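Summary of the model geometry
Here is what each chain is made of, one letter per residue.
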Amino acid sequence: MTEEEKIIGENNYSASNIQVLEGLEAVRKRPAMYIGDISENGLHHLVYEVVDNAIDEAMAGYCDRIDVTINDDNSITVQDNGRGIPVDYHEKEKKSALEVVMTVLHAGGKFDKGSYKVSGGLHGVGVSCVNALSTHMTTQVFRNGKIYQQEYECGKPLYAVKEVGSCDLGFTGTKQTFWPDGSIFTVTEYKYETLQTRLRELAYLNKGIYISLTDLRVKDEDGMPRKEVFHSEEGVKEFVRYLNSNNTPLFNDVIYLNTEKTGVPIECAIMYNTGYRENLHSYVNNINTKEGGTHEAGFRSALTRVLKKYAEDTCPKALEKAKVEIAGEDFREGLIAVISVKVAEPQFEGQTKTKLGNNEVSGAVNQAVGEALSYYLEEHPKEAKLIVDKVIVAATARVAARKARESVQRKNPLGGGGLPGKLADCSSKNKDICELFLVEGDSAGGSAKSGRSREFQAILPLRGKILNVEKAMWHKAFESEEVNNIIQALGVRFGVDDEDSKQANIDKLRYDKVIIMADADVDGAHIATLIMTLFYRYMPELIEEGHLYIAQPPLYKCTKGKVSEYCYTDEDRKAFMEKYGDGTESGIHTQRYKGLGEMNADQLWETTMDPATRRLKQVHVENAAEADYIFSMLMGDEVGPRRDFIEQHATYANIDA
Ligand code: 28G
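Presented here is an overview of the structure given in this document. Since this is a predicted model, take the numbers as computed values, not measurements.

Considerations on the nonpolar core
Among the nonpolar cores identified, the biggest contains 50 residues, and V47, V68, I76, F178 and Y190 are the most heavily contacted of them. Among the elements that take part in this core, helix 4 (residues 40–59) stands out by supplying nine residues, more than any other. Once you skip the residues sitting within four places of it in the chain, V68 turns out to touch V47, V51, I76, T77, V78, L199, S212, L213 and T214. By size, the runner-up hydrophobic cluster in this structure holds 47 residues, among which are L438, L490, Y511 and F631.

Right, dumping it as structure tokens:
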């Protein structure tokens, strides 16, 4: 028996305690089952799990402040001003309600009738999982003018809930601090940006609350920590404005509704921009439903129904002249919308459990959006006409796109037979080991061809900058030779699942890894971004399934006497200097690589392509709404925000300066 178990044993040891310990052990044995994974995602998930409890308290109407702090040692503190978790004795469990919430799996779930808690984000596992996966956790409750406290190690209480002080009677809330277990997580460093994105999103989805994020690891010249407060008075209306801020709006209004239909609260905001992409972000109980579901179906159905009727009623001549039948998707080009619903007992389906299954929600959303949209169109004929004109252009382009695509696929009738002439393919037929390098420039492409392993590495050289698909109509991609080469080399297919489907089917993907290899400079970063944009907009599944990577060529080769090392970052170089230097730069020779072309085939293999020594970055999409925002900023018309972003994130400035 360990010390902690003894303590538990001395207090009311009971069958339920054994269950608790078994439950927490199960979480520690198979953490990924409970929080998704044990890498960066899982680590950040712990914070969401705790914050979601505070959000639930806010949704119940008792809390409007949530303060999140990343402490110096990468522990996390979350404090809210809700009612405070009840601390009274729980007859059935023979312990304090607080201890139950903190130690029993799934406790705190469906307690309160009429709340929309799914809580714990996607996995809905509750704070006890966070506790189980933390070496230490401290909980404090401010309630009844008193401060109550309990501490845990790996989920096990160190003592029964005790009073540790007093506070103002009116001061209530809950404070949680936890130290993620480094023996469970592969990374333990929190990323400010990751938390920032989610907390910003939560503030938009739950208007009125104040959510702060403080990073005690980062201090400015005055010793002040990095801190931000997220707050939205207009909810998803403001969210859509934010998401659209890098695009040119078709008109300035946001079409907005906030209502309830058949017991389903619905908040929805719609804008149109002059672009061609559809950006619909849907949420159920604050969870991003990436795979869509009944609420999205209701939304799309209302949009098509109302706009089609409006177009037919008000401009039949224009429709006749265009000679094309308009389809649902024509209404969605340049659409940017957020829909957020609250569902009491949500059923999540689909591969990643992010597809809403509740049938009743479809009708509720359809009705609510239909009413709000009809009303808006009646009241705003000028804006309505802008939408209808855009829809007709979209329908015309869609027909052109199909023709272009068919002509491409005709050249390649069996799908997979015809590979692009520029592709140097690999010999292995085992696609699980095959890699495709997309290489910037013919000269680097040449070195890569000589340096590669012919068995499993294929090379496709790309000529300079590929088409910026972010700014182009969808079908333009299929008119670009470079893009078609990529598509054919990959073996992905368009329009197989549904003739006008905009996203690739990747069933016949010919490689396990697709690796973008570009120069380590601003131009190279731009090229890599253009290629990523193509993948993100046309083949998102390929990213979601983890096939897309970016190669990391070295920035320097540092040599001191007989020792030389490749340095991939400025930190690597500093480390080399400290290890071998004598304080002056005179003794060490530093060769800067400005481009892949400066390396010969052997060097390229050794530094960038050899699986044993290379560094690859896998491309992830953490947050779809934020990814859309970033891509539209990087690839859009506005120069200012892009420059700011690059200045903040650039790692190459030192080279190009
Ligand atoms: C600071 C970090 C995260 C929370 C509350 C408030 C209540 C609560 C939380 O109850 C379910 C229901 C009653 C035992 C509910 C307080 C009703 C009355 C609450 C949080 C189980 C849990 N008074 N605030 N849980 N109870 N904040 N913030 O976790 O029977 S969790």
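With respect to the sheet that holds strand 12 (residues 255–261)
Strand order in this open sheet of five strands is 12-13-16-14-15, and the pairing throughout is mixed. In the strand order of this sheet, the two ends are held by strand 12 and strand 15 (287–288), each with one partner. Sheet topology places strand 13 (residues 264–272) next to strand 16 (residues 335–341); seven bridges connect them, and they run antiparallel. If you follow C268 over to strand 16, its bridge partner there is I339. Where helix 11 (residues 359–379) meets the sheet, its contacts fall on strand 12, strand 13 and strand 16, and the angle it forms with strand 12 comes to roughly 140°.

Quick word on the site of the ligand
Contacts to the ligand come from 15 residues, most closely from N53, V78, D80, R143 and T174. Between a nitrogen atom of the ligand and a side-chain N or O atom of R143, the distance comes to 3.1 Å. Elements supplying a minimum of two residues to the shell around the ligand: helix 4, strand 2 (76–80) and strand 9 (173–180). When its residues are assigned to classes, the shell around the ligand shows six nonpolar, five polar and four charged.

Brief notes about helix 19 (residues 624–635)
With twelve residues, helix 19 should cover 16 Å at 1.5 Å per step; its first-to-last C-alpha distance of 16 Å lies within 8% of that length. Taking burial as the measure, the twelve residues of helix 19 include eleven buried ones, the bulk of the element. For helix 19, every residue scored as buried is listed here: A624, A625, E626, A627, D628, Y629, F631, S632, M633, L634 and M635. The inward-facing, buried residues of helix 19 contact helix 7 (192–205), helix 8 (236–243), strand 14 (279–284), strand 15, helix 15 (522–538) and helix 20 (639–649). Between the side-chain oxygen at the start of helix 19 and the backbone nitrogen of A625 there is a gap of 3.2 Å, and the oxygen is on N623.

Description of the packing of aromatic side chains
The full count for this structure, using the stated rule, is 15 aromatic pairs. Taking the centre distance of 5.0 Å and the plane angle of 80° together, the rings of F478 and F494 count as edge-to-face. Linking F478 in the loop between strand 20 (457–462) and helix 14 (481–490) with F494 in the loop between helix 14 and strand 21 (513–517), this pair joins segments that are 16 residues apart in sequence. For the pair shown, F478 and F494 are each scored as buried. Look at Y566 and Y593: their rings are 6.4 Å apart centre to centre, the planes differ by 35°, and that puts the pair in the tilted class. Here Y593 lies in the loop between strand 25 (589–592) and helix 18 (601–609) and Y566 lies in strand 24 (residues 563–567), a separation of 27 residues in the sequence. Put simply, the rings of Y204, F239, Y242, Y283 and Y629 pair up and form one aromatic cluster. Over the aromatic face of Y62 sits the side chain of R83, whose NZ or CZ is 3.7 Å from the ring centroid.

Analysis parameters
- Residues numbered from 1 in each chain as written.
- Predicted model: local features only at pLDDT ≥ 70, side-chain atom pairs only at ≥ 80, totals over all residues.
- Heavy atoms only, no water.
- Core = buried A, V, L, I, M, F, W, Y, C linked by side-chain atoms within 4.5 Å.
- Buried < 20%, exposed > 50% of the residue type's maximum accessible area, 1.4 Å probe, protein only.
- Helix = DSSP H or I, 4+ residues; strand = E, 2+ residues; numbered from the N terminus.
- Contact = heavy atoms within 4.5 Å.
- Pairing = 2+ DSSP bridges.
- Axes fitted to C-alpha atoms, helices over the stretch in contact; angles between N-to-C directions.
- Near = heavy atom within 4 Å.
- Polar contact = N/O pair within 3.5 Å; in protein donor to acceptor, adjacent residues only side chain to side chain.
- Nonpolar A, V, L, I, M, F, W, Y, C, P; charged D, E, K, R; others polar.
- Expected span 1.5 Å × (residues − 1).
- Phe/Tyr/Trp six-rings, centres within 6.5 Å; stacked < 30°, edge-to-face > 60°.
- Lys NZ or Arg CZ within 6 Å of the ring centre and 35° of its normal.

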